[in-house]
Amino acid sequence: MFDVTFNPLDQASSQKMLAEIGTDISPVNLPADKTEIGIYDLPFYDDFKLYALSDTSLPKPNARYALYKPNDVSLMNWTNEPIYAVNERAPIKLDRKTVIVYAKFFFHFVRGQLGRFIIVEKPEEMVWLANATDKEKADVAARLMPVTYKGIGRDNLYTLTATVVFKNALFKTDIKIAPYEMDVFDPETNQPEHFTIGQMKLTNEDLLLEELNVPIDPPPGEFG
């Protein structure tokens, strides 16, 4: 789970940032007198930081998110495109200390039209419906694990292992992450697969439990 605290940006810096990015994020319009900005340092980028841009004239949830450094902004849109684009421009710096944080960040901000993968490590991170039973909660708790760094595989990709919720099912899966732009042989297709720096892929999915009484998120909207 990617659960972070944003530090508030002072008013003068907020006004300056909004004036700079206004054209780049069009047609999104953030009123200068109604927008609160928070900032969070990501350990895998030197210059880009994660910003929460909250339009307080709207009811919550009212925050949009952006990766920004002076004169360069990418507004998050719940796809992998802005992340992969910044990975190349920054460029991203991955190692065994940052790759797990990157994976949690990635799966928080990438939400597909058919569902999202939610990394869950602890029982208290699960969100249950009111009719969930104590038994299924215990069954899930017994199978959860922290995201685990497995090293760099023979395919030269970073490998993590994690438990994830997809729709109403719990899986154990490997997460493959490219440390740089590369071609990797895919044994399933017998073809090379091109990876950009920081590109992700799930492999070795193992279904642990299904038909769980958990809420299923709708396709992402403007605010997630």
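*Asks:* Which parts of the structure should I look at to understand the side chain of Asn 62?
*Replies:* By the secondary structure assignment, Asn 62 is in the loop between β3 (49-55) and β4 (63-69). In terms of polar contacts, Asn 62 uses its side chain to reach the backbone carbonyl oxygen of Leu 58, at 3.0 Å. Filtering out sequence-adjacent residues up to four positions away, Asn 62 remains in contact with Leu 53, Ser 54, Asp 55, Thr 56 and Phe 223.

*Asks:* What is the right way to read the sheet that holds β4 from this model?
*Replies:* The strands that make up a sheet pair up through hydrogen bonds in the backbone, lying either parallel or antiparallel. One open sheet holds the 5 strands; their spatial order is β1-β2-β3-β4-β5, and the pairing between them is antiparallel. Every other strand in the sheet has two partners, leaving β1 (7-8) and β5 (72-75) as the edge strands with one partner each. Of the pairings in the sheet, the one linking β3 to β4 comprises 6 bridges and is antiparallel in character. Residue pairing across strands places Ser 54 opposite Ala 63, the latter belonging to β4. Where helix α2 (residues 81-89) meets the sheet, it contacts β4 and β5, and its direction lies at approximately 155 degrees from that of β5.

*Asks:* Whenever I open this one, the packing of α2 against helix α3 (residues 99-109) confuses me. Can you help?
*Replies:* Axis angle and axis distance: for two packed helices, these are the angle between their axes and the distance between the axes, and together they describe the pair. Closest axis-to-axis distance for the α2/α3 pair is 10 Å, and the angle between their directions is 145 degrees. Contact residues: Ile 83, Tyr 84 and Asn 87 in α2; Tyr 102, Phe 105, Phe 106 and Phe 109 in α3. For the contact of α2 with α3, the residue count by class is 6 nonpolar, 1 polar and no charged.

*Asks:* Would you take a moment to explain the environment of Val 110 for this structure?
*Replies:* Mapped onto the elements of the fold, Val 110 is located in the loop between α3 and β6 (117-119). Residue classification places Val 110 among the buried residues on the basis of a relative accessible area of 17%. With 31 residues separating them in the primary sequence, Val 110 and Thr 79 have C-alpha atoms 4.8 Å apart. Excluding its chain neighbours within four sequence positions, the residues that come into contact with Val 110 are Trp 78, Thr 79, Asn 80 and Ile 83.

Criteria and thresholds
Residues numbered from 1 in each chain as written. Predicted model: local features only at pLDDT ≥ 70, side-chain atom pairs only at ≥ 80, totals over all residues. Heavy atoms only, no water. Helix = DSSP H or I, 4+ residues; strand = E, 2+ residues; numbered from the N terminus. Polar contact = N/O pair within 3.5 Å; in protein donor to acceptor, adjacent residues only side chain to side chain. Contact = heavy atoms within 4.5 Å. Pairing = 2+ DSSP bridges. Axes fitted to C-alpha atoms, helices over the stretch in contact; angles between N-to-C directions. Nonpolar A, V, L, I, M, F, W, Y, C, P; charged D, E, K, R; others polar. Buried < 20%, exposed > 50% of the residue type's maximum accessible area, 1.4 Å probe, protein only.

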